[in-house]
Amino acid sequence: MVTLGLRRVEDGVAAKHPALQQYAACQSHAFLKGIGTFLAGSGAAFAVQKLVNRKVPYGLQWSLLLAGAAGSLASYVVTRAETQKCSDFWIYLETGKFPQELAMAGGVSQPADLPSPEDRGSAASLVRKNKYGDIVE
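Residues numbered from 1 in each chain as written. Predicted model: local features only at pLDDT ≥ 70, side-chain atom pairs only at ≥ 80, totals over all residues. Heavy atoms only, no water.

Asker: Quick one: what's the story with the pattern of salt bridges, residue by residue and with numbers?
Answerer: Scanning the entire structure with this criterion turns up two salt bridges. Where Glu-82 meets Lys-33, a salt bridge forms, and the shortest distance between an N and an O atom there is 3.4 Å. Here Glu-82, found in helix α3 (residues 60-95), pairs with Lys-33, found in helix α2 (residues 20-53); they are 49 residues apart in sequence, far enough to count as distant. Close ionic contact of Lys-85 with Glu-82 constitutes a salt bridge, the shortest N to O distance being 3.2 Å. Separated by three residues within a single helix, Lys-85 and Glu-82 lie in helix α3, roughly one turn from each other. We classify Lys-85 as exposed; its relative accessible area is 52%. (Salt bridge = Lys/Arg side-chain N within 4 Å of Asp/Glu carboxyl O. Helix = DSSP H or I, 4+ residues; strand = E, 2+ residues; numbered from the N terminus. Buried < 20%, exposed > 50% of the residue type's maximum accessible area, 1.4 Å probe, protein only.)

Below is the structure:
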């Protein structure tokens, strides 16, 4: 078993995907960046509201609610963008090509074993595999 962060990954999976450590590190960085964005965004929104509060007074609970909502939205946007970068990085490490190159070549999400027309009737026993040998549901 290989330790990946706090989880243990089977040796077979780690051997099949040698870039798993780099992907996990990228994801951890993306999530930490999202947490930092939440804290900074909430703090900045709260400070701006305190400046605006001098002209338009409203309660502290509304300031905290709006600051939390603004921080959450900013955090979501940053985490989503960073996670997409990690996914693209993972595809690059696994295939040696960027996802844009694979999409232009028509190689994204294409199962390796397509059933013949006569086998399509027995869809219950159909097992599709991608080009790495992983079973696709």
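Asker: Can you explain the packing of aromatic side chains? Please cite residues and give values.
Answerer: The description of an aromatic ring pair rests on the distance of the ring centres and on the angle between the ring planes. Counting across every chain of the model gives one aromatic pair. Pairing Tyr-23 with Trp-90 gives two aromatic rings, centres 5.0 Å apart and planes at 55 degrees, and the pair type is tilted. Of this pair, Tyr-23 sits in helix α2 while Trp-90 sits in helix α3, placing them 67 residues apart in sequence. Taking relative accessible area as the criterion, Tyr-23 reaches 23% and is therefore assigned partly exposed. (Phe/Tyr/Trp six-rings, centres within 6.5 Å; stacked < 30°, edge-to-face > 60°.)

Interpretation in functional terms is not warranted from these geometric data alone.
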